[in-house]
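Fold and contact review
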Amino acid sequence: MRYLHPIQGHEKFVASGRYRFFRDGQALQKAEAWTIHAHPDGAEFIRVDADSRSEDGKSILVEALQNAEKELLRFDIRYENANFEGGIKTLRASYHIAEGWMQVGYALNGAERAYLEMELPAGAMIDIPLLLLRGRTVMEMAGCEGKALSVFVPMFEHAQLFPGIVRTIQSPMEYVADDLVSIGKLPIKTRRYRYVDQAVSYWIDAHGVVIKRVNAFRQQEFVVLISDYAQRKQQR
């Protein structure tokens, strides 16, 4: 697994895993490996390596820090896609969230680093489009069924939409049922959620980790399954 910064001595292992991607039952040449480590104050440091260089040329490394209350404080991105003509080929960005504001330092396509800041609506959710970081967002959305939500979605690829977009939407997620999902010989208790249009379903465990996702798109079925899942240990 690649990372932006190595694990530090004060970090304590919490969990790790890898997502595998399939289209109509055939494995794709892409994966998202991840780890979670705890800091002494209860904050958690999350590392994600989304590697689809052999599939579509894309590489995304993300590190995120959330406090003991699971509130996102910052996240750093290194994005590369040499094959993306007309789009972002390289991006280095750091997002810092505090008191309703987001400050972003970034360098697009090797240009000099620039800075901007934007105000977030009160209570806005941050929806980073990577599997590990989506679990709790899906659960929070489902818990707000029927309510209007403000959601900030970071944009990694399209310069005209960078650093991201804020949308106000009705909660698109709903809880369906408790399910038992078997990954190899490991049975995992999950709660199943789905978009209200029923196009995408998520199976999420008690720790907010996505175990499985199924997406029906253009008469194709895309499935993501977790593997090498080391469940988190009791903190002392």
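The structure displayed is predicted, hence computed values, not measured ones.

Criteria and cut-off values
- Residues numbered from 1 in each chain as written.
- Predicted model: local features only at pLDDT ≥ 70, side-chain atom pairs only at ≥ 80, totals over all residues.
- Heavy atoms only, no water.
- Pairing = 2+ DSSP bridges.
- Helix = DSSP H or I, 4+ residues; strand = E, 2+ residues; numbered from the N terminus.
- Salt bridge = Lys/Arg side-chain N within 4 Å of Asp/Glu carboxyl O.
- Buried < 20%, exposed > 50% of the residue type's maximum accessible area, 1.4 Å probe, protein only.
- Phe/Tyr/Trp six-rings, centres within 6.5 Å; stacked < 30°, edge-to-face > 60°.
- Lys NZ or Arg CZ within 6 Å of the ring centre and 35° of its normal.
- 1 Å grid on protein atoms, 1.4 Å probe; cavity = no way out; pocket = protein on both sides within 12 Å on 5 of 7 lines; lining within 4 Å.
- Points joined across faces, edges and corners; volume = space filled by probe spheres on them.
- Nonpolar A, V, L, I, M, F, W, Y, C, P; charged D, E, K, R; others polar.
- Core = buried A, V, L, I, M, F, W, Y, C linked by side-chain atoms within 4.5 Å.

**Concerning the pairing of strand β12 (residues 173-183)**
The sheet contact formed by β12 and strand β13 (residues 186-195) spans ten bridges and is antiparallel. Each residue of the ladder has a partner; that of I183, found in β13, is L186. Once β12 ends, the chain turns through two residues before running back antiparallel as β13, passing G184 with a positive phi of about 65 degrees.

**A short note on the pattern of salt bridges**
The tally for this structure, following the rule as stated, stands at 13 salt bridges. Here R18 and D228 are joined by a salt bridge, their closest N and O atoms 3.9 Å apart. With R18 in strand β1 (residues 12-23) and D228 in strand β16 (residues 220-230), the pair connects residues that are 210 residues apart, well separated along the chain. Overall, D228 belongs to the exposed group, its relative accessible area being 59%. What you see here is one network of salt bridges that share partners, running through E11, R47 and E63.

**A few points about the packing of aromatic side chains**
For the coordinates displayed, the defined rule picks out seven aromatic pairs. Following the ring pairs from residue to residue traces out a cluster consisting of F75, Y95, Y106, F152 and F162. Over the aromatic face of F21 sits the side chain of K30, whose NZ or CZ is 4.6 Å from the ring centroid.

**Quick look at the layout of surface pockets**
The computed volume of the largest pocket comes to approximately 1,100 Å³. Along its surface, the largest pocket is lined by 39 residues, and K30, K58, P129, L131 and R213 are the ones closest to its centre. The element contributing the most residues to the lining of the largest pocket is strand β2 (residues 26-38), with four residues. Of the residues assigned to the lining of the largest pocket, the class counts are 24 nonpolar, three polar and twelve charged. The volume enclosed by the second largest pocket comes to roughly 710 Å³. As for the second largest pocket, its lining consists of 33 residues, and the residues nearest its centre are K70, E71, L72, I126 and E140. Among the secondary structure elements, those contributing two or more residues to the lining of the second largest pocket are β3 (44-52), β4 (58-66), β5 (72-81), β6 (90-98), β9 (125-126) and α1 (131-142). If one sorts the elements of the lining of the second largest pocket by residue count, α1 sits on top with six residues. Considered class by class, the residues forming the lining of the second largest pocket number 18 nonpolar, seven polar and eight charged.

**Topic: the nonpolar core**
With 64 residues, the main nonpolar core has Y19, W34, Y95 and M102 as its most contacted residues. No other element matches the six residues that α1 contributes to this core.

**A word on the sheet that holds strand β10 (residues 148-154)**
If you trace the three strands from one edge of the open sheet to the other, you get β9-β10-β11, paired in mixed fashion. Each edge of the sheet is formed by a strand with only one pairing partner; in this case those strands are β9 and β11 (164-170). Examined bridge by bridge, β10 and β11 share seven bridges and lie antiparallel to one another. Bridge assignment links F152 to a residue of β11, and that residue is V166.

**Concerning unusual backbone geometry**
Here the amide bond leading from F162 into P163 is cis, since omega sits at 10 degrees, within 30 degrees of zero. Along the chain, P163 turns up in the loop between β10 and β11. Backbone geometry at K70 places phi at a positive 70 degrees, although glycine is not the residue there. Of note, K70 is situated in the loop between β4 and β5. In this structure K70 comes out as partly exposed when scored by relative accessible area, which is 31%. In this model, E99 sits at a positive phi of 50 degrees, which is unusual for a non-glycine residue. Turning to its location among the elements, E99 is positioned in the loop between β6 and β7 (101-108).

Coordinates in, geometry out; function isn't part of it.
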